[in-house]
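One letter stands for each residue in the lines below.
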Amino acid sequence: MVKDITIGQYFPGRSVIHKLDPRMKLVLTLFFIVFIFVCHNFWSLGLMVVTLGLVVALSRISIKTILRGIKPVVIIILFTAVLNLLYIRTGDLIWEWKFLHLYTGGIYTASFMVVRILALIVASSMLTYTTSPTLITDAIERLLSPLKFMRGGVHTIAMMMTIALRFIPTLIEEFDKITSAQKARGADLETGNILERTRALIPVFIPLFITSFRRAYELAYAMECRCYHGYEGRTRMRQMKLEARDYVALLLIVVVMAAIILLNHFFGKLV
Amino acid sequence: MAILKTEHLTYSYSTGTPFEVTAIEDIDLEIETGELVAVIGHTGSGKSTLIQHFNGLLKPKEGKVYVDGQDIWESKKTLRASRFAVGLCFQYPEYQLFEETVYKDIAFGPKNMKLSEEEIDRRVREAARFTGVPDDMLEKSPFDLSGGEKRRVAIAGVMAMEPKILILDEPTAGLDPKGRDTILGLIQNYREETGRTVMIVSHSMDDVAKIATKVLVINDKHAAMYGTVDEIYERSEELIAMGLDVPQVTKVFLGLREKGIPVRTDIYTVEQARAELLDLRAKGVVAW
């Protein structure tokens, strides 16, 4: 059940997208996401989708994987679509039943929103699919390095993020294991109302918390034993250097953004 | 009739992703009532995956599981019944304890079976007796116990469901020799007193050969051998080829055979070794 969630997962690979400098990838993804909201007609959004398609193709992540990543948010997408369909009252009325009205404007907006949300999810998952969590936090740390003077330092925050990310799969595994163990003792986690189901989780969460604390102590001891003392004087194993492909990616995204502004300008506003 | 039967059992993890791996393949088994079966295989051979099919925690990709002649996947009811008919105690079970007192934790399983208060009390006390948990410990918090005590409490929690088949996954993992002998001793005692079927999963045959009546060897996703301890040890060389450990004394006899001395190689206890050597001397094969 938990294993089905692929958002935030990393799929190792050797594609051009995998090899991009994580800092560049992170910044470009952020810009890309902002520009998904800048688009306000089908032409500019279409260009975003095409660009995204190109990135997906280059990354060699299978369409199946991407579809599975979308699965958990299908409900949200449908909800948005239905709301937009029924409550936008612009354009021509094409169907009516009691209190329900369907306008052409509703259909346009609904489909626009669906494409926008899908693009948003696929774009952000492309970052995590092709970049290992350690690289992402490394990139964040370096991008935030101007804030070094802050108390505790950027490094401490980045280290906490790295550790938190690192332990997500471990905790999921632990959760599955304890769930199985309690199910084997007849714990019923699948039936009953919300209150009953929540109560049924107690036998899972108590052991899970205890295990997490135990792990945290063990990790802290292990780090201290290896003389971990924070940022000062530490060098890096992985040096990040921008390569030609990073500049090509930057150029591509800048061109796409310029085109989007032009398309927005020439084709007018839909939403 | 066999208490546990599987037909062409196959399972793979992460089906439909690039990470799909087959964990077990085409396993046919028939386990008779009252046996103490040792399930042997090295890490990653599929033992743990296999046993999770017996109480329906994992749904087979192909094949069937019958507990007491009943196909457990027939309906929701039969599936739930299999949870109680097959008591599964996972590896490092001490990490699943959660209740305020040891008593309540052992009572968790029976309570889920919706038994009466008196029946639950009887079962908790009996399970505590089997696992050597003294009365005064029952009122303590499980988190104040030592590792070995926690392990015994966790095993008691599964025994208290009085399952037709008790399955323990590596019950001795991480214990010292004394703790290991205690656990194996109490399991043997439990089986002798109740006459119920028991399965112990282990990666070391040395551990369980002493108390098992049957051995199931899992190797590379398949059930490689199933038979009595003697039958399995007759094939020690195959076991070694699979990367499984055999007792030191068996290794000695395999070594003797290699040197050209015509000894039996199905020997796994010191007593058998002694008898075999005396026999050889009597026959005049060796002299000392």
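This structure is a prediction, so every number in the text was calculated from the model and none was measured.

1. Some details on the overall build of chain A
Link 1 in the chain: The number of helices and strands found in chain A is 11 helices and two strands.
Link 2 in the chain: Going from the N terminus to the C terminus, chain A shows its helices and strands as α-α-α-α-α-β-β-α-α-α-α-α-α.
Link 3 in the chain: Projected onto the principal axes, the alpha-carbon positions of chain A cover approximately 70 × 55 × 35 Å.
Link 4 in the chain: Here chain A holds 271 residues, and 38% of them are scored as buried.
Link 5 in the chain: For chain A, the proportion of contacts with a sequence separation of at least 24, taken over those separated by at least 6, is 74%.
Link 6 in the chain: Per element, the accessible surface of chain A, about 16700 Å² overall, is 70% carbon and sulfur.
Link 7 in the chain: Taking the 30 positively charged and 17 negatively charged side chains of chain A as two groups, their mean positions are separated by 4 Å.

2. Quick word on the sheet that holds strand β6 (residues 86–89) of chain B
Residue and element names in this part refer to chain B.
Link 1 in the chain: Taken in spatial order, the six strands line up as β6-β7-β8-β3-β9-β10 in an open sheet, and their pairing is mixed. Edge strands, defined here as strands with exactly one partner in the open sheet, are β6 and β10 (222–228). Strand-to-strand twist across the sheet, computed as the mean angle between neighbouring axes with direction ignored, equals 15°.
Link 2 in the chain: Inspection of the sheet shows strand β7 (residues 165–169) paired to strand β8 (residues 197–202) by five bridges, in the parallel sense. Each bridged residue has a counterpart across the sheet, and for I167 the counterpart in β8 is M199.

3. Looking at the confidence of the model for chain A
Link 1 in the chain: Taken residue by residue, chain A gives an average pLDDT of 85. The fraction at 70 or more is 93%.
Link 2 in the chain: Looking across chain A, the model is least confident in strand β1 (residues 93–97) of chain A, with a mean pLDDT of 79, and most confident in helix α10 (residues 202–225) of chain A, with 93.

4. Side note on the environment of B:S82
Residue and element names in this part refer to chain B.
Link 1 in the chain: Tracing the backbone shows S82 in helix α2 (residues 76–85).
Link 2 in the chain: For the pair S82 and G56, spaced 26 residues apart in the sequence, the C-alpha separation amounts to 6.9 Å.
Link 3 in the chain: If we ignore the near neighbours within four places in the chain, the residues touching S82 are F54, N55, G56 and I72.
Link 4 in the chain: At a separation of 3.4 Å, a polar atom in the side chain of S82 contacts the main-chain carbonyl oxygen of N55.

5. Overview of the sheet that holds strand β1 (residues 2–13) of chain B
Link 1 in the chain: Strands sit in the order β2-β1-β4-β5 (chain B) across an open sheet of four strands; the sheet is antiparallel. Looking along the sheet, the strands with just one partner apiece sit at the ends: β2 (21–32) and β5 (70–71) of chain B.

6. What to know about the domain arrangement of chain B
Link 1 in the chain: When cut into domains, chain B gives domain 1 (2–229) and domain 2 (247–288).
Link 2 in the chain: Between the C-alpha centres of domain 1 of chain B and domain 2 of chain B there is a distance of 36 Å.

7. A closer look at a nonpolar patch on the surface
Link 1 in the chain: Taken together, the side chains of A:F205, A:F209, A:F213, A:Y217 and A:Y221 present a nonpolar region at the surface, about 620 Å² in accessible area.
Link 2 in the chain: Examined against the element boundaries, A:F209 turns out to sit in helix α10.

8. Structural notes on the interface of chain B and chain A
Link 1 in the chain: If you look at the interface, chain B gives 23 residues, while chain A gives 19 residues.
Link 2 in the chain: A combined buried area of about 1900 Å² lies between chain B and chain A, and 61% of that area is made up of carbon and sulfur atoms.
Link 3 in the chain: Together, B:Y95, B:Q96 and B:F98 form the three largest contributors to the area buried by chain B at its contact with chain A, with a combined 29%.
Link 4 in the chain: Our enumeration of links across chain B and chain A arrives at one salt bridge.
Link 5 in the chain: The residue B:D105 makes a salt bridge to A:R185 at a minimum N-O spacing of 3.0 Å.
Link 6 in the chain: The leading source of residues in the side of chain B that touches chain A is helix α3 (residues 102–112) of chain B, at four residues.
Link 7 in the chain: Considering only residue class, the side of chain B that touches chain A consists of 12 nonpolar, eight polar and three charged.

What counts and what doesn't
Residues numbered from 1 in each chain as written. Chains lettered and ligands numbered in written order. Predicted model: local features only at pLDDT ≥ 70, side-chain atom pairs only at ≥ 80, totals over all residues. Heavy atoms only, no water. Helix = DSSP H or I, 4+ residues; strand = E, 2+ residues; numbered from the N terminus. Buried < 20%, exposed > 50% of the residue type's maximum accessible area, 1.4 Å probe, protein only. Contact = heavy atoms within 4.5 Å. Areas by Shrake-Rupley, 256 points an atom, 1.4 Å probe, with all protein chains shown as cover. Lys, Arg positive; Asp, Glu negative; His and termini not counted. Charge placed at Lys NZ, Arg CZ, Asp CG, Glu CD. Pairing = 2+ DSSP bridges. Axes fitted to C-alpha atoms, helices over the stretch in contact; angles between N-to-C directions. pLDDT = per-residue confidence, 0-100. Polar contact = N/O pair within 3.5 Å; in protein donor to acceptor, adjacent residues only side chain to side chain. Domains from an automatic or database assignment. Patch = residues over 30% accessible without salt bridge, like charges linked within 9 Å, V, L, I, M, F, W, Y side chains within 5 Å. Salt bridge = Lys/Arg side-chain N within 4 Å of Asp/Glu carboxyl O. Buried area = accessible area lost by both parts, 1.4 Å probe. Nonpolar A, V, L, I, M, F, W, Y, C, P; charged D, E, K, R; others polar.

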